[in-house]
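Tertiary structure, described
What follows is the residue order along each chain.
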Amino acid sequence: MANAPDLRPLTARSVVLSTLLGSHPPRIGARQAVRVGELFGIAEGTIRVALSRMVAAGDLVQIPERGGAYELTERLVQRQARQDESRFPRTRPWDGTWEIAVVTAERRRPAAERAALRQAMSALRLAELREGTWLRPANLGRPRPEIVQRQCAFLSGRPEEEPAALAASLWDLDGWACTARELRAALDAAGSLAEQFTVSAAVLRHLLRDPLLPAALLPAGWPGPELREHYERFEADFERLLTDHISA
């Protein structure tokens, strides 16, 4: 079953955060942030309050030696890296092998530690077969964070059952594809810049949930590549608009 597209209200925080997540390096001056807000009809005072609150919340850090510019904190820099990977997946040829992670840490761990491990496993695009056992096709090249290395043992293997059937049981591929098509249509239909920006942010969140499976395991007509192409066209247009507006 498909999930409804994850459209969230446009706010000063979301405008600043999305702009920074799309910037390399993820840095913006206060005046630049105000100019970005102008594109969406957001008042200068509202943007400046959002910047202060994001610093207090640990989303941004202000760098005096860079003229007081704001940068993403490490937590959000890691999110940016995952977001970039979802836009430009680093895949490798698949030979049928699956990577299997078995949690070897004690079960009686603090709940926060267990939750952090689950989050890290999901970020690696592993799926949980059963408690303590995660797996996926071995077609991705990405580093494993320390929390995973410390608590898991990794093995390689091949399932005896049909790999496509196993993949379909681990990920809701039909649901992901249906939502992707809805988002692609919504991005095409969005009229105002605010609507386009809101839909594009939802596209990025959805791409983070793409399991990035080998083509042989995906349903026919998989919409992932086309959704990425639609997003990249929007991103290129927005970057040109932003550059022209800020430099005007």
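Keep in mind it's a predicted model, so treat the numbers as computed, not measured.

It is worth spelling out the sheet that holds strand β7 (residues 152-157) at this point. With antiparallel pairing, four strands are arranged side by side in an open sheet as β5-β6-β4-β7. Only two strands of the sheet have a single neighbouring strand rather than two, namely β5 (127-130) and β7. Taking each pair of neighbouring strands and ignoring which way they run, the sheet shows an average axis angle of 30°. Contacting β4 (98-103), β5, β6 (133-137) and β7, helix α5 (residues 111-123) crosses the sheet at an angle of about 10° to β6.

Tracing the sequence through the fold places Asp59 in the loop between α3 (44-56) and β2 (60-63). One polar contact links Asp59 to Arg75, side chain to side chain, over a distance of 2.6 Å.

Pairing in this open sheet of three strands is antiparallel, and the strands run β1-β3-β2 from one edge to the other. Since the sheet does not close on itself, it has two edges, and those belong to β1 (27-28) and β2, each with one partner. Relative to strand β3 (residues 69-72), β1 runs antiparallel, the two being bridged by two bridges. Residue pairing in the sheet places Arg27 in a bridge with Glu71 of β3. On the sheet, helix α1 (residues 12-21) packs against β1, β2 and β3 and is oriented at approximately 75° with respect to β3.

Turning to the packing of aromatic side chains, a few remarks are in order. All told, the structure shown has six aromatic pairs when counted by the stated rule. Measuring from ring centre to ring centre gives 6.3 Å for Tyr231 and Phe234, while their planes differ by 50°; the resulting arrangement is tilted. Of this pair, Tyr231 and Phe234 both sit in helix α10 (residues 224-247), three residues apart, which is roughly one turn of that helix. Residue classification places Tyr231 among the buried positions, given a relative accessible area of 4%. Between the aromatic rings of Phe234 and Phe238, the centroid separation amounts to 5.9 Å while the plane-to-plane angle is 15°, which identifies the pairing as stacked. Note that Phe234 and Phe238 are positioned in helix α10 at a spacing of four residues, about one turn of the helix. The exposure class assigned to Phe234 is buried, which follows from its relative accessible area of 8%. Ring pairs connect the aromatic residues Phe40, Phe197, Tyr231, Phe234 and Phe238, which therefore count as one cluster.

This next bit is on the pattern of salt bridges. Counted according to the given criterion, the structure contains 19 salt bridges. With a shortest N-O distance of 3.8 Å, Glu38 and Arg31 are connected by a salt bridge. In this structure, Arg144 and Glu99 form a salt bridge, with 3.4 Å as the shortest nitrogen-oxygen distance. On the criterion of sequence distance, the pair formed by Arg144 in the loop between β6 and α6 (146-151) and Glu99 in strand β4 is long-range, its members being 45 residues apart. On the basis of relative accessibility, which here comes to 32%, the residue Arg144 falls in the partly exposed class. For Glu99, a relative accessible area of 5% translates into the label buried. Overlapping salt bridges bring together Arg31, Arg35, Glu38, Glu44 and Arg48 as one network.

Residue position: Leu213 is located in the loop between α9 (193-207) and α10. Residue Leu213 is classed as buried on the basis of its relative accessible area of 8%. Distance from Leu213 to Arg136, taken between C-alpha atoms, is 8.1 Å for residues 77 residues apart in sequence. Excluding its chain neighbours within four sequence positions, the residues that come into contact with Leu213 are Arg136, Pro137, Asn139, Ala167, Trp171, Leu173 and Leu218.

Attention shifts here to α9. In this model α9 runs 21 Å from its N-terminal to its C-terminal C-alpha over 15 residues, within 8% of the 21 Å that 1.5 Å per residue would give. Burial within α9 is extensive, with 12 of its 15 residues counted as buried. What α9 keeps buried is the set Leu193, Phe197, Thr198, Val199, Ser200, Ala201, Ala202, Val203, Leu204, Arg205, His206 and Leu207. Among the structural elements, α1, α2 (30-39), α4 (74-87), α8 (173-189) and α10 are those in contact with the buried residues of α9.

Here the focus is the packing of α8 against α9. It is at 9 Å that the axes of α8 and α9 come closest, and there the two elements cross at 160°. With respect to each other, α8 and α9 are oriented roughly antiparallel. Between α8 and α9 the crossing geometry is left-handed. Here α8 contributes Trp176, Thr179, Ala180, Leu183, Ala186 and Leu187 to the contact with α9, which in turn contributes Gln196, Val199, Ser200, Ala202, Val203, His206 and Leu207. Grouping the amino acids of the contact of α8 with α9 by side-chain chemistry returns nine nonpolar, four polar and no charged.

Quick notes on the rules
- Residues numbered from 1 in each chain as written.
- Predicted model: local features only at pLDDT ≥ 70, side-chain atom pairs only at ≥ 80, totals over all residues.
- Heavy atoms only, no water.
- Pairing = 2+ DSSP bridges.
- Helix = DSSP H or I, 4+ residues; strand = E, 2+ residues; numbered from the N terminus.
- Axes fitted to C-alpha atoms, helices over the stretch in contact; angles between N-to-C directions.
- Contact = heavy atoms within 4.5 Å.
- Polar contact = N/O pair within 3.5 Å; in protein donor to acceptor, adjacent residues only side chain to side chain.
- Phe/Tyr/Trp six-rings, centres within 6.5 Å; stacked < 30°, edge-to-face > 60°.
- Buried < 20%, exposed > 50% of the residue type's maximum accessible area, 1.4 Å probe, protein only.
- Salt bridge = Lys/Arg side-chain N within 4 Å of Asp/Glu carboxyl O.
- Expected span 1.5 Å × (residues − 1).
- Parallel < 35°, antiparallel > 145°, perpendicular 65-115°, else oblique.
- Left-handed = near helix turned anticlockwise from the far one by under 90°.
- Nonpolar A, V, L, I, M, F, W, Y, C, P; charged D, E, K, R; others polar.

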